[in-house]
Amino acid sequence: MTKHPIEVITSVERRRRWSREDKERLVAACFEPDAVISEVARAAGIHVSQLFRWRKELCRIEEPSMQVSSTLVPVIVSEAAPAAQPAALEAPAPSQPRRKRSDVTIELGRGRRVRVDSDIDTEALGRILDCVLGRR
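Residues numbered from 1 in each chain as written. Predicted model: local features only at pLDDT ≥ 70, side-chain atom pairs only at ≥ 80, totals over all residues. Heavy atoms only, no water.

Engineer: Would you mind going over the pairing of strand β2 (residues 112–117) in detail, with residue names and values included?
Structural biologist: Note that strand β1 (residues 103–109) and β2 share 6 bridges and pair antiparallel. For I106, the partnering residue across the bridge sits in β2 and is V114. Hairpin connection between β1 and β2: a loop of 2 residues separates the two successive antiparallel strands, and R110 in this loop has a positive phi of roughly 55°. (Pairing = 2+ DSSP bridges. Helix = DSSP H or I, 4+ residues; strand = E, 2+ residues; numbered from the N terminus.)

Engineer: Could you give an account of the pattern of salt bridges, with specific residues and numbers?
Structural biologist: Counting across every chain of the model gives 2 salt bridges. For E24, the salt bridge is made with R20, and the minimal N-O distance between the two is 3.0 Å. Here E24 and its partner R20 are both found in helix α1 (residues 20–30), 4 residues apart, which amounts to about one turn of the helix. Since its relative accessible area comes to 37%, E24 is described here as partly exposed. The class of R20 is exposed, set by a relative accessible area of 52%. Its salt-bridge partner being R25, residue D22 comes within 3.7 Å of it at the nearest N-O pair. Of the two residues, D22 and R25 both sit in helix α1, 3 residues apart, roughly one turn of that helix. (Salt bridge = Lys/Arg side-chain N within 4 Å of Asp/Glu carboxyl O. Buried < 20%, exposed > 50% of the residue type's maximum accessible area, 1.4 Å probe, protein only.)

Engineer: Report on the packing of α1 against helix α2 (residues 37–44), specifying residues and quantitative values.
Structural biologist: Taken N-terminus to C-terminus, the directions of α1 and α2 make an angle of 150°; their axes are 9 Å apart at the nearest point. It follows from the interaxial angle that α1 and α2 lie roughly antiparallel. Read as a crossing pair, α1 and α2 show a hand that is right-handed. Residues L26, A29 and C30 of α1 touch α2, and the partners they reach there are I37, V40 and A44. (Axes fitted to C-alpha atoms, helices over the stretch in contact; angles between N-to-C directions. Parallel < 35°, antiparallel > 145°, perpendicular 65-115°, else oblique. Left-handed = near helix turned anticlockwise from the far one by under 90°. Contact = heavy atoms within 4.5 Å.)

Engineer: With reference to specific residues and values, describe unusual backbone geometry.
Structural biologist: Non-glycine residue D34 carries a positive phi angle of around 65°. Note that D34 resides in the loop between α1 and α2.

Now the structure itself:
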């Protein structure tokens, strides 16, 4: 039979209060190599879901808030503008179909993100992520 430490709470307070430093320390322990989150939570005496919630809160990347101002701009209504003179008749340049640009943003946590074009070479992206994550 093994002995396990037992914590006896004698106060009437039902909730423990955790400082931001304590939360950051426990969340940082989760990101250590070979860390098992359930073991980190068990050692701190909290439920695993609490640790996941703290991790989500502390690793959230704050997006800059777009403040929309409602400013009135004066408008002047005038007579119709004169018609534009037709340009010299030229054969229109063959237009290439425009490809809609789409970016992919990869959130890496700890305030890091990588933004790449959606048609990036997957091998090149793998090398980039290896460098950013310190695997190389």
